[in-house]
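What follows is each chain in one-letter form.
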Amino acid sequence: MLFVTSRNYVLPEDTDGFTSGLWFNLWMKRLWPYNELEPGDTLYWYESPTKCIVWKSRVVEVLRFSYQTKKEVEQKLNLTPVQATQAYFVDGPDSGYCLSYRVEATERLSIPRPDDFKFPHQGWLKMSEDVAAEWPGLSSGS
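Quick notes on the rules
- Residues numbered from 1 in each chain as written.
- Predicted model: local features only at pLDDT ≥ 70, side-chain atom pairs only at ≥ 80, totals over all residues.
- Heavy atoms only, no water.
- Phe/Tyr/Trp six-rings, centres within 6.5 Å; stacked < 30°, edge-to-face > 60°.
- Helix = DSSP H or I, 4+ residues; strand = E, 2+ residues; numbered from the N terminus.
- Buried < 20%, exposed > 50% of the residue type's maximum accessible area, 1.4 Å probe, protein only.
- Pairing = 2+ DSSP bridges.
- 1 Å grid on protein atoms, 1.4 Å probe; cavity = no way out; pocket = protein on both sides within 12 Å on 5 of 7 lines; lining within 4 Å.
- Points joined across faces, edges and corners; volume = space filled by probe spheres on them.
- Nonpolar A, V, L, I, M, F, W, Y, C, P; charged D, E, K, R; others polar.

A. Examining the packing of aromatic side chains more closely. Taken as a whole and assessed by the stated rule, the structure comprises 14 aromatic pairs. Look at Phe18 and Trp45: their rings are 5.2 Å apart centre to centre, the planes differ by 85°, and that puts the pair in the edge-to-face class. A residue pair is termed long-range when its members are at least 10 positions apart, and Phe18 in helix H1 (residues 15-19) and Trp45 in strand S3 (residues 42-47) qualify at 27 residues. Each member of the pair, Phe18 as well as Trp45, carries the same accessibility label: buried. Arranged with centres 5.6 Å apart and planes meeting at 80°, the rings of Tyr101 and Trp124 form a pair that is edge-to-face.

This is the structure we're talking about:
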């Protein structure tokens, strides 16, 4: 499958910095694509500050689990003290669901978001022919 995920910060520009990252989402409810994301999927990365898709990657590892405390998440993901103090983690739900994944960068991109395109609030989008038609430069078959 092909997905687009959104980040509200600028992503690493170098392949090593991007690929070495541990990426995760914390949700109060089990949101889509909690069950859908699988190794081998293609994941495009959208940066809201630049309003562009900046990376194409391949998912190489997925870990999903429910948690009762953030301490569980810290331990299960082996977060560093720096990661555990990032705003997304600190402000995330105290209990819920974690979707964690590692990716391999396949291509650095710069595909601007059309002005009238609205990204879903939860930060994930499934690529489809409709999305590709609305967002020039993306292809549902890539």
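B. Spotlight on the pairing of strand S1 (residues 2-7). When you tally the buried positions in S1, you get 6 out of 6 residues, the bulk of the element. The alternating pattern of S1 places Leu2, Val4 and Ser6 on one face and Phe3, Thr5 and Arg7 on the opposite face, and all of these are buried. Summarising the sheet, S1 and S3 pair through 6 bridges and their orientation is parallel. Bridged to Phe3 within S3 is Leu43.

C. Examining the layout of surface pockets more closely. Reported here for the largest pocket is a volume of approximately 760 Å³. Arg7, Asn8, Tyr9, Asn25 and Tyr88 are, among the 26 residues lining the largest pocket, the residues nearest its centre. Listed by contribution, the elements that provide at least two residues to the lining of the largest pocket are S1, strand S2 (23-27) and helix H4 (87-91). Looking at side-chain class alone, the lining of the largest pocket contains 14 nonpolar, 11 polar and 1 charged residues.

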